[in-house]
Amino acid sequence: MTASVDELIQSAVKTRQRARTALETAVHEARAANWSWGRISTALGGSPNATTLQRAFAPDALIDQDTDAPPGCGADCQCACAGDHSN
């Protein structure tokens, strides 16, 4: 028995939704573990890139801040990273 095109489309939509949820969870967990946007992007194979990840997942108030700063770390931070957000 062959699935109809409509069934295949519905299956693809559900699969894409599950993948989006998994990506959201992974990004939020990585940011909570102080991973930079660049490191997350690299772990995902380079796509999406760091800027796209930040635009998609960072709170609006953080968009203009240092893109590789860990959560809660500003450009003039005094945290353990000492301003080095390259990891």
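Please refer to the structure placed before this passage.
Residues numbered from 1 in each chain as written. Predicted model: local features only at pLDDT ≥ 70, side-chain atom pairs only at ≥ 80, totals over all residues. Heavy atoms only, no water.

### Considering the nonpolar core
Now for step 1: Within the largest apolar cluster, eight residues are counted, these being Val-27, Ala-30, Trp-37, Ile-40, Ala-50, Leu-53, Phe-57 and Ala-58.
Now for step 2: Within the residue set of this core, elements represented by two or more residues are helix 1 (5–32), helix 2 (37–43) and helix 3 (50–57).
Now for step 3: In terms of residue count, helix 3 provides more of this core than any other element does, three residues in total.
Now for step 4: Look past the residues within four positions of Val-27 in its chain and what remains in contact with it is Trp-37, Ile-40, Leu-53 and Phe-57. (Core = buried A, V, L, I, M, F, W, Y, C linked by side-chain atoms within 4.5 Å. Buried < 20%, exposed > 50% of the residue type's maximum accessible area, 1.4 Å probe, protein only. Helix = DSSP H or I, 4+ residues; strand = E, 2+ residues; numbered from the N terminus. Contact = heavy atoms within 4.5 Å.)

### Regarding unusual backbone geometry
Only a minority of non-glycine residues have a phi that is not negative, and only a minority of peptide bonds are not trans.
Now for step 1: Going from Ser-47 to Pro-48, the amide bond is cis rather than trans, its omega being 0 degrees.
Now for step 2: Take Pro-48: it is sitting in the loop between helix 2 and helix 3.
Now for step 3: Of note, the phi angle at Asn-34 is positive, near 65 degrees, even though the residue is not glycine.
Now for step 4: Positionally, Asn-34 belongs in the loop between helix 1 and helix 2.
Now for step 5: Look at Asn-34 and you get partly exposed, because its relative accessible area is 41%.

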